[in-house]
Amino acid sequence: MNTAKKDIRKLSQEELETYFNSIGEKTFRAKQVYEWLWKKNAHQFDDMTNLSKSLRETLGEQFMIQPVEVDLLQKSNDGTIKNAVKLHDGNIVESVLIPTDNRTTACVSSQVGCSLDCTFCATARLKRMRNLTAAEIVDQVVIIDEESKRYFNRPLSNIVFMGMGEPLLNYNEVISAIKKITTDEGLGMSPRRITLSTSGIPKMIEKLADEDLKIKLAVSLHAAREEVRNLIMPFSVKFPLSELAQSLEYWYAKTKSKVTFEYIVWNGINDKKEDVEALVKFCKRIPSKVNIIEYNAIDDGQYQQASEKAMNLYIDTLEKNNIVVNVRRSRGKDIDAACGQLANKSIE
């Protein structure tokens, strides 16, 4: 590979205009190329058929396109599809297609590995190798859209940033990807069909609110008592619940979009009455709803799903306090594609 070549997908449309002006081409060429890259998902310059052959050759000499590819596809008994996605440098991330009766959701990754240390999550045990580029994130979405059409005869309807990595710790590339997914010059999907899931980085949540992207926000909470959250999510020592609550109040004030709290209940960890009461108190600070997620065990058995009694205590108490609560049953468990299971186990 010629290392002197630049990745053309790292250039903005304005930077493409500057480039084309510098080689004596018309400015409108920038828009043409930008649409080939982001709307039509061209991975070779020869595909850009409204450019002259000589211009395509010039682009090929000076730039490169580095698409991702599916290294391994696994299908679950419930229809879920997990992709092991190979990046240009050989690193692997995982993305998941989750089908239901009325929608198809893409769960995409934002980092190779993860920056955080949540003790219940398989991905967190992987060393963070690097952040993904906006193009690598968009490519995952395009691949899953194609798979949705191929296997379910319908286009992708929703996107969740809930795969490998903490999206807010790859902020610039994630925001760039969202803009390319939602603008007319890109994939043209509605931002209201995108949910970004974070483990809770207060300053970055406030920064995200200021972007006015019209996306939804989910927070992996799992405990509203400081000592419990610090135990299961050690990084949160730096981000107290009081600061997290303030950032979420700011989010709602700026966006008027309710927050979804993702919450797993474990046996002997957060299944007590005081845990439930703390969650209710936290939810009353911020317009929100709660998704209680089925726990998907990882290898060591340190965490166990709470009893039905404990789960019902959460559900009943939240409902009595007029807090919307949904119980989410995980899909794709048989191929390690469920929440918290993405760990590149299929790759030798």
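Just so you know, these numbers come straight off a predicted model, no measurement behind them.

**Q** Tell me about the overall build of the chain, residues and numbers included.
**A** From N to C terminus, the chain includes ten helices and 14 strands. On the principal axes, the C-alpha backbone points of the chain span a range of 70 × 45 × 35 Å. Every one of the 348 residues in the chain was classed for burial, and the buried ones make up 53%. Within the chain, contacts between residues at least 6 apart in sequence are counted, and of these 66% link residues at least 24 apart. Element-wise, carbon and sulfur atoms account for 46% of the exposed surface of the chain, whose accessible area totals about 16,100 Å². Taking the average location of the 49 positive side-chain charges in the chain and that of its 48 negative ones, the two points are 3 Å from each other.

**Q** Got a sec to walk through helix 10 (residues 308–320)? Specific residues and values, please.
**A** Over its 13 residues, helix 10 extends 18 Å from the first C-alpha to the last, a length consistent with the 18 Å expected when each residue adds 1.5 Å. For helix 10, the secondary structure elements touched by its buried residues are strand 12 (259–263), helix 9 (273–283), strand 13 (288–293) and strand 14 (324–328). N322 occupies a position one or two residues after helix 10 and carries a positive phi of about 60°.

**Q** Before we move on, can you summarise the pattern of salt bridges with the specific residues and values?
**A** Here the idea is simple: oppositely charged side chains can pair when their charged atoms come close. Considering all chains together, one arrives at 15 salt bridges under this definition. In this structure, R9 engages D139 in a salt bridge whose closest nitrogen and oxygen atoms are separated by 2.9 Å. Within this pair, whereas R9 is found in the loop between strand 1 (6–7) and helix 1 (13–22), its partner D139 is found in helix 4 (residues 134–152), the two being separated by 130 residues in sequence. Using a relative accessible area of 4% as the deciding quantity, one classes D139 as buried. We note a salt bridge from D210 to K254, for which the minimum N-O separation is 3.4 Å. With D210 in helix 6 (residues 202–211) and K254 in helix 8 (residues 241–255), this residue pair connects regions lying 44 residues apart in the sequence. Looking at D210, the relative accessible area reads 44%, which means it is partly exposed.

**Q** With reference to specific residues and values, describe the side chain of E262.
**A** Turning to its location among the elements, E262 is positioned in strand 12. Here E262 is buried and forms no salt bridge, its nearest opposite-charge partner R328 lying at an N-O distance of 8.5 Å. Setting aside its immediate chain neighbours within four residues, E262 contacts M162, S197, A218, V219, S220, L221, H222, N291 and I293.

**Q** Tell me about the confidence of the model for the chain, and please be specific about residues and values.
**A** Overall, the prediction assigns the chain a mean pLDDT of 91, with 92% of residues at 70 or greater. In this model residues 340–348 is a low-confidence stretch, pLDDT under 50, and it forms 38 contacts with partners more than four residues away in sequence or in other chains.

**Q** Go over the pairing of strand 12 with me, naming the residues and quoting the values.
**A** Taking burial as the measure, the five residues of strand 12 include five buried ones, the bulk of the element. Judged by which residues are buried, strand 12 turns out to be covered on both faces: V259, F261 and Y263 on one side and T260 and E262 on the other are all buried. Of the strand pairs in this sheet, strand 11 (residues 216–220) and strand 12 are connected by four bridges, and their pairing is parallel. Within the sheet, the bridge partner assigned to L217 lies in strand 12 and is V259. With five bridges joining them, strand 12 and strand 13 adopt parallel strand pairing.

Conventions we followed
Residues numbered from 1 in each chain as written. Predicted model: local features only at pLDDT ≥ 70, side-chain atom pairs only at ≥ 80, totals over all residues. Heavy atoms only, no water. Helix = DSSP H or I, 4+ residues; strand = E, 2+ residues; numbered from the N terminus. Buried < 20%, exposed > 50% of the residue type's maximum accessible area, 1.4 Å probe, protein only. Contact = heavy atoms within 4.5 Å. Areas by Shrake-Rupley, 256 points an atom, 1.4 Å probe, with all protein chains shown as cover. Lys, Arg positive; Asp, Glu negative; His and termini not counted. Charge placed at Lys NZ, Arg CZ, Asp CG, Glu CD. Expected span 1.5 Å × (residues − 1). Salt bridge = Lys/Arg side-chain N within 4 Å of Asp/Glu carboxyl O. pLDDT = per-residue confidence, 0-100. Pairing = 2+ DSSP bridges.

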